[in-house]
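Remarks on the overall topology
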Amino acid sequence: MTTRRRVQKVHDRFRQKKDNEEPSYPEHTPNPGEIHLGGVRRVVITVIRATDLALGLRRVPTSFYVVVKADGAEHQTSNKSVNVDQTFVEWHERLSLPCEPSSKVRVSVYASLEFGPMLCHGELLRTFEISVGELLDRSEKSHPIIFQPKQEEVVSACTSLLITVGQQFSDQNDAGVICTLTTLTSRDMDALALKMDAGHRLLARYRRTHNSVDLDQCINHFERALSLCPVNHPYRPAGLSNLATAKFIRCQANKTYCDLDIPLSLFQDALDLRPTDHPDRPITQLYVAIALLFRFATRGFQTDADAAEELLSEVLDVCHANSHIYRVALIAIETSALHSARSIDVDNLGQEWPASMLPLSPNQLTHRAQRCSQRDEPRDLDEVISLHYDALGYYNTGHTSRGQLLGNLAAMLQTRFERRGNDKDLDEAIALAREALALCPVGHPNRSISLNDFAAQLAIRFQHRCNDEDLDQVIALDREALALRPVGHPDRSISLNNLAAHLATRLDYRFNDEDLDEAITLDREALALRPVGHPRRSMSLNNLAAQLATRFDHRCNDEDLDEAIALDREALALHPVGHIYRSTSLNNLANRLGTRFDHRGHDEDLDQAIALHRDALALRPVCHTGRPVPLNDLAVRLSIRFDHQGDDEDLDEAIALLREALALLSVGHTEWPVQLNNLATQLSIRFRHRGKDGDLDEAIALYREALALHPVGHTCRSMSLNNLANQLSSRFKHRGNDEDLDQAIALQMEALALCPVGRTDRPSSLNNLAAQLSSRFDHRGNDQDLNQAIALHREALALRPVGHTDRTMSLNNLAAQLLSRFKHRGNREDLDESRENLRCALTLLSQHDPRQLAVHQSLAYVYLSGLDKISADEGADSVSAAMHHLKVAANVVSGGLLSRLRASLLWVQHADQHKHDTQLEAYTTSMQLLDAYMSVTASVSSRHRAMKDFPRALAVDAASCALRSGDVCRAVELLEQGRNINWTQMTRLRTPLDGLQTHGEHAVALKKKFTNLSSLLDKPPANYLEATPRVGVEAEETQHRRLVEQWNKTVEEIRKIEGFSRFLLPPLFSDLQDAARDGPIIMLIASKSSCHAIIISHRQPPTSIQLPTDVWKLATLLVTLREAAGKEASPKGNQTALTKALRELWDVVSPAVKILDGFVRRGSRIWWCPTSLFNSLPLHAAGEYRPKGKSVSQQYISSYTPSLTALIKARRSHDRSSSVSFVAIGQNLPAGASFTLDAVEPELELVQRLLPPPPTVSFSKITSVDATKSRALRALRDNTWFHLACHGTQDLDEPFKSAFLMRDQPLSLLDITKMDLSQHEFAFLSACQTAVGDFSMPDEMIHLAAGLQFAGVNSVVGTLWRVTDSTVQHLVEPFYKNMRGNGPMNSKRAAWALHQAVQSLACDKDIPMTLDQRIVFVHIGI
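Residues numbered from 1 in each chain as written. Predicted model: local features only at pLDDT ≥ 70, side-chain atom pairs only at ≥ 80, totals over all residues. Heavy atoms only, no water.

**Concerning the overall build of the protein**
The number of helices and strands found in the protein is 53 helices and 25 strands. Taking all 1422 residues of the protein together, 57% fall into the buried category. For the protein, the proportion of contacts with a sequence separation of at least 24, taken over those separated by at least 6, is 71%. Just so you have it, the protein exposes about 59600 Å², and 50% of that area is on carbon and sulfur atoms. (Helix = DSSP H or I, 4+ residues; strand = E, 2+ residues; numbered from the N terminus. Buried < 20%, exposed > 50% of the residue type's maximum accessible area, 1.4 Å probe, protein only. Contact = heavy atoms within 4.5 Å. Areas by Shrake-Rupley, 256 points an atom, 1.4 Å probe, with all protein chains shown as cover.)

Below is the structure:
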């Protein structure tokens, strides 16, 4: 019976192998020389296992045996008989083989045709040659030898052979049970056997090729063999039987029925020589009976039929019911009874009995068909179909089993069509189903079943060819079947189910509300007939859910969607873990939740949908035929989440999943073009995101291939035309090739022609063609294209009346084209209509609909258009309205953080452009959304990559905006809020709450909750390998987002407590000013509008100074400085280019330095807090570099800080201990290094000598082989002061991979961020480039020195570029002497110590040191 399941169906890939008599070797066969048999006296075969020995045999086998030959000797196993239901035979006989691995062994499998003395080998089934070494290897791995069907055969006997081989060592002695190979001699193979073997070979070849010459030569050999067997010869009966068989076949082939007496006489002579107790008497009786039945069919002598029946009855009495002889005899009796009851067709009977072909019974064929449908094995499917065709030859029109066989064969042909796409299979299946229905006329008890089966075949053809007549006939057949199953009929629910399914199919092509409502009514009745506990209830739940979801798509009734999800959840509950349909239920529920997310924008629905799709995929491993379905559905949801959240990994995984799904299908598979389309779609999305030409070209190639597989008349052709057209349009926009655009429009026009009025997909086709015409208008300015585009959009809108879920989109599209025409012609009516359409679109959307965001953005564009054609007052009002809509768009919560962030950035752009008074609000909103978006990203590396997708100067541009409005304090606040987002995310999670416990039990509970959640969020995500499936990664990311939500709610609760109202909010200037407690801070701003310095003092208001430069000059200066610092000095030690660059830098910063002169004492400390391009400049080294010239270093002691907050935090945590724990870590030869740093060991020894002795300083040292990553991490954790001397690397692409190189593996910045160094005081980084970050994102300050300070180290000395061993050697001694001083060690002395050391070296003429090395070290922190 045909049932339906309203879920997507995809069939697995299969392979077809070329017919070959040689065995196939799917595994790599090792070189025999690799196998060592030392000490082995012999190799022994212990077990031989053969499968499907009787498959496809044309003569009844009595038994089977194996012959093994090697080195001129052979052994034959015993004969084993096989029952009908027996799939394999095993011989447990120990056969000794040669010891040499390269020795060749020939193995042959034979079918014996007699139980008695064997005249020859019998029928050869398989033979092959293999080495002893290969046998041993296959035996060890349990790899059988797989055989393909013989040439020109669909199936062949013996499909596989597994030979188990052991090794007999010299100290073992069981030779008595080992059969050794016996030597062959010419006397063993006499002329009689040669003749008989030759005859059998020719007969077997004739059955494959039907070449009459082979049959004639076969008879000649058998006649000569018989002449060598006189009367009383033991092999004469076998000779008679073989000759009789060959002549009987010739009578059939040549239709020389008059000659039937000859083979019958030979069979009878053989029977006479085999008395009652002879083992071969039953099989001889069987052959005589078959020959008599055939003569009865040709001549009509009843005596022949009676004699045949008597012989067959004797056979049934003496043979086992499971034997092949018994089964053939039983079929022969049924055939005899059938022929005696009707007129006889000799030709038909001849086809039924091609020399004792052995058909399976109908029930056995059904079992094989069911098993074959569950596995995608092409050879098995071909075999089952062939066996069914053979069986139909026996069970002709009058047989009661013929209808069953016709139905089964039709189903198998349908399966093969679905897997290979051969139209002939589908047409043949329909013809067979039609014949089966004809065998069940009105009134027949099985008519409803045949109606269902016939309808199912026609439905498949409709899906493939889109012939409306097929679908209408299907529905008519379903209605008739339903009428035959009235209320109370046990199968009524099945007919209800089928009719509903096909009505739903008609909806997809000819939408009709009546069909949809009827389908839902039918599904509800079917569900009512399947109460809780019914085995098919889950199917009805699924079907009704699918129809309700369809109705939701058309009418947008939330109740339908919610009910569908509830039904899907119940269906899933009925499919617990281990249930065969659990994967399907998981997929269905996931798809419905995905639809609800599309409609309402709840992240929980999307995350749950993806998790369910992953569960469904896990239940369909690589070998599962249904695996492409969850692969495809998961890919679609990941792509949607990419659109919503912008995570590149989602898009890349979606493409990888679709590639896998495509690889699981063969080129001819019916779902192949669907998967081509899906993969192409995701590649096109990635092209739009990353702009990689290869993705676009591959997408177009895939779409072209899919279109070629959807010829004219195919139901999916319009979809393929549309997809290819869209990508050609994208390529036109990317490369400007007019041919692409014209071809895209031609394809869209053809697609539209295939979607006449009434087709549900016509509105989409109208919309697509309109979009292409709009593109051509933009390119060529042809008014006709624009007018036609608008007309098409109007028609699409008319086809989507109020209530249609896509009406909003049509309103939006029409509005966009009307706006375009207004810009072109200036017709105010177009602008007004565009605005009105968008307003209508808004009224159609619910409060939480995510599509509000796009409509508000479109309205903003409308208000911003035509400003030059209206009065100033109207223009101001329009700009304000536009800013309002962009502001609303940025605050549509259901739109998702990423879309809201992008909307806020548009608000920033236009507010800035029009100097609107919402500029600062737009900047603030953007930075808040950026911060929130980053907070849900689990790893610091992922945050860094995500930051690159957004404006990199957002914070400095916001600060410049504040400065233009005269609000210097707000500028400082915005700079602090919008920079170092990565570090801010981490430091928030390590915020102490010591004062909270004094505010009662609730506060104490909140403190504990905050601490626990922060600890969980602060744990780094697992470091998955690239090949690791993303299911674990996905679960962790979902968990991270939920933890962020809980953490945010906890923070909101803490803010309600007195004194904590600004807990973790961006700090106010009054708080930030405390950073200047020990000296002024100069914040340097480089934005696109201007460059400023802000001087912050502890007590006075901040001062803003505009600097005499701009970002382009700064960029040039930065490049010049980096290049100059890398150049070798002249022979006199001068670096002229570097000196010149530092003079230019002085010109930039000198206005700020001059302001300092007014209130800061010479020699005092100052802190630089640079932004943007200033981050990479050596500000401490700026100067005039001429005699008596000014410079920063002559006037002040410079330090740097990445942020004001970091400096405040460092001062708060500074609590000096009387004893210092100091560790020196040195690595002179790290993993992968090509040379040794000879100065490392002396440097650490020097540091130790310069430090005070215990107990003032507790010193330890780790060097050489001991300086591994793990040892270094432990040392950093256990010591609050440390000195690192090693190689340093900077990774500009992945700055968190910048590292100190240890003996075994790098100690990376990412490793450091995972540590709590809040009690640490000082770090000296004697390595290259430890204070230089990512030049493309300077405001994130991601480098080793900054990482240590954000991790908690109060004072850090690092380097701006490459540092030489000589520089370090000369600098370390004066530095640590100054650090030591006369009192206890104090990390606040580090800046002064470094300044003094550099100044002393600059004045020391005995120590030659170039300028770049004098300024390479910088101090960061307090």
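**Points about the packing of aromatic side chains**
By the definition in use, this model includes 13 aromatic pairs. Ring centres 5.5 Å apart and planes at 25° place the aromatic pair F267 and Y287 in the stacked group. In this pair, F267 is assigned in helix α5 (residues 261–272) and Y287 in helix α6 (residues 281–299), connecting sequence segments 20 residues apart. Side by side, F267 and Y287 carry an identical accessibility label, which is buried. One aromatic cluster in this structure is built from F1222, F1259, W1281, F1322, F1324, F1375, Y1376 and F1417. Its end group placed over the ring of F88, R49 keeps NZ or CZ at 3.6 Å from the ring centre. The ring of W1167 carries R1211 above its face, with NZ or CZ at 4.8 Å from the centroid. (Phe/Tyr/Trp six-rings, centres within 6.5 Å; stacked < 30°, edge-to-face > 60°. Lys NZ or Arg CZ within 6 Å of the ring centre and 35° of its normal.)

**What about unusual backbone geometry?**
The omega torsion across P1254 and P1255 is 5°, close enough to zero to call that bond cis. Among the secondary structure elements, P1255 is positioned in the loop between α47 (1240–1250) and β18 (1257–1262). You will see that C158, though not glycine, has its phi angle at about 65°, which is positive. Even without being glycine, K255 reaches a positive phi, approximately 55°.

**Side note on helix α1 (residues 132–141)**
For α1, the tally of buried residues reaches 8 of 10 residues, placing the bulk of the element in the interior. Note on α1: the residue one or two positions beyond its end, S142, has a positive phi of about 55°.

**Some points on the nonpolar core**
Ranked by internal contacts, the top residues of the largest apolar core, which has 99 residues, are W1168, F1300, F1375 and Y1376. Among the elements that make up this core, the one with the highest residue count is helix α44 (residues 1136–1157) (10 residues). Here F1300 is in contact with L1284, C1286, H1287, P1306, L1307, I1312, L1325, A1327, T1330 and L1344, once residues within four sequence places are set aside. Formed by 73 residues, the second largest nonpolar core is a distinct cluster that contains L811, L859, M883 and M934. (Core = buried A, V, L, I, M, F, W, Y, C linked by side-chain atoms within 4.5 Å.)

**Re the packing of helix α31 (residues 828–844) against helix α32 (residues 852–864)**
Contact geometry for α31 and α32: axes closest at 10 Å, N-to-C directions at 160°. In this view, α31 runs roughly antiparallel relative to α32, as classed from their interaxial angle. Seen along the crossing, α31 lies across α32 with a hand that is left-handed. Of the residues in α32, those in contact with L831, S834, R835, L838, R839, A841 and L842 of α31 are Q852, V855, H856, S858, L859, V862 and Y863. (Axes fitted to C-alpha atoms, helices over the stretch in contact; angles between N-to-C directions. Parallel < 35°, antiparallel > 145°, perpendicular 65-115°, else oblique. Left-handed = near helix turned anticlockwise from the far one by under 90°.)

**Observations regarding the pairing of strand β25 (residues 1417–1421)**
When a strand is regular, its side chains alternate between the sheet's two faces. A large share of β25 lies buried, amounting to 5 of its 5 residues. With 5 bridges joining them, strand β24 (residues 1355–1359) and β25 adopt antiparallel strand pairing. Among the inter-strand pairings, V1357 is bridged to a residue of β25, identified as H1419. (Pairing = 2+ DSSP bridges.)

**Focus on the packing of helix α27 (residues 738–753) against helix α28 (residues 762–780)**
For the pair α27 and α28, interaxial distance at closest approach is 9 Å and the crossing angle is 155°. With respect to their mutual orientation, α27 and α28 come out roughly antiparallel. Pair α27 / α28 crosses with left-handed handedness. When α27 is examined against α28, the residues D738, L741, D742, A744, I745, Q748, M749, A751 and L752 are found in contact with a partner set consisting of R762, S765, L766, N768, L769, Q772, L773, S775, R776, H779 and R780. The class makeup of the residues in the contact of α27 with α28 is 9 nonpolar, 6 polar and 5 charged. (Nonpolar A, V, L, I, M, F, W, Y, C, P; charged D, E, K, R; others polar.)

**Quick notes on the side chain of S1090**
Structurally, S1090 can be placed in the loop between β12 (1081–1086) and β13 (1091–1096). According to the relative accessible area criterion, S1090 is buried, its value standing at 11%. Within the structure, the side chain of S1090 is placed 3.1 Å from the side chain of H1092, a separation counted as a polar contact. Ignoring anything within four residues of it in the chain, the contact list for S1090 reads S960, I1085 and Q1106. (Polar contact = N/O pair within 3.5 Å; in protein donor to acceptor, adjacent residues only side chain to side chain.)

**Some words on the sheet that holds strand β20 (residues 1288–1289)**
The strands making up a sheet associate through backbone hydrogen bonding, with each pair oriented either parallel or antiparallel. One open sheet holds the 3 strands; their spatial order is β20-β21-β22, and the pairing between them is antiparallel. Each edge of the open sheet carries a strand with a single partner, namely β20 and β22 (1306–1308). Pairing between β20 and strand β21 (residues 1299–1301): 2 bridges, direction antiparallel. Following the sheet pairing, G1288 is matched in β21 by F1300.

**Some words on the pattern of salt bridges**
Here the structure, examined in full by the defined rule, presents 68 salt bridges. The shortest N-O distance in the salt bridge between D558 and R600 comes to 3.8 Å. With D558 in helix α19 (residues 558–573) and R600 in helix α20 (residues 582–600), the pair connects residues that are 42 residues apart, well separated along the chain. For D558, a relative accessible area of 32% puts it in the partly exposed group. (Salt bridge = Lys/Arg side-chain N within 4 Å of Asp/Glu carboxyl O.)

**Topic: helix α21 (residues 603–618)**
Here α21 spans 23 Å end to end across 16 residues, near enough to the 22 Å set by a 1.5 Å rise per residue. Taken together, the buried positions of α21 are D605, L606, D607, A609, I610, L612, H613, R614, A616 and L617. (Expected span 1.5 Å × (residues − 1).)

**Things to note about the confidence of the model for the protein**
Looking at the protein as a whole, the pLDDT averages 83, with 87% of positions reaching at least 70. Considering only residues more than four positions removed or in separate chains, one finds that residues 182–189, a stretch of pLDDT under 50, has 10 contacts. With pLDDT under 50 throughout, residues 340–358 is counted as low confidence; its partners more than four residues away or in other chains account for 57 contacts. (pLDDT = per-residue confidence, 0-100.)

**Some thoughts on the environment of R106**
If you trace the backbone, R106 turns up in strand β7 (residues 104–112). Looking at R106, the relative accessible area reads 33%, which means it is partly exposed.

**A word on the environment of A193**
Along the polypeptide, A193 turns up in helix α2 (residues 191–209). Between the alpha carbons of A193 and C120 there is a distance of 4.9 Å; along the sequence they are 73 residues apart.

**Some remarks on a negative patch on the surface**
On the surface, D306, E309, E310, E314 and D317 cluster together into a patch of negative charge. In this structure, E309 sits in helix α7 (residues 302–318). Residue E309 is classed as partly exposed on the basis of its relative accessible area, which comes to 44%. (Patch = residues over 30% accessible without salt bridge, like charges linked within 9 Å, V, L, I, M, F, W, Y side chains within 5 Å. Lys, Arg positive; Asp, Glu negative; His and termini not counted. Charge placed at Lys NZ, Arg CZ, Asp CG, Glu CD.)

**Overview of the side chain of H599**
Relative to the helices and strands, H599 is located in helix α20. A residue is classified by how much of its surface remains accessible, and H599, at 9% relative accessible area, is buried. Side chain to side chain, H599 and D558 meet in a polar contact 3.0 Å long. Beyond its immediate sequence surroundings of up to four residues, H599 is in contact with F552, C556, D558, D849, P850 and R851.

**Regarding the environment of S1326**
The topology assignment puts S1326 in strand β23 (residues 1322–1326). With 41 residues separating them in the primary sequence, S1326 and A1285 have C-alpha atoms 4.7 Å apart. Beyond its immediate sequence surroundings of up to four residues, S1326 is in contact with E1243, H1283, L1284, A1285, C1286 and V1368.

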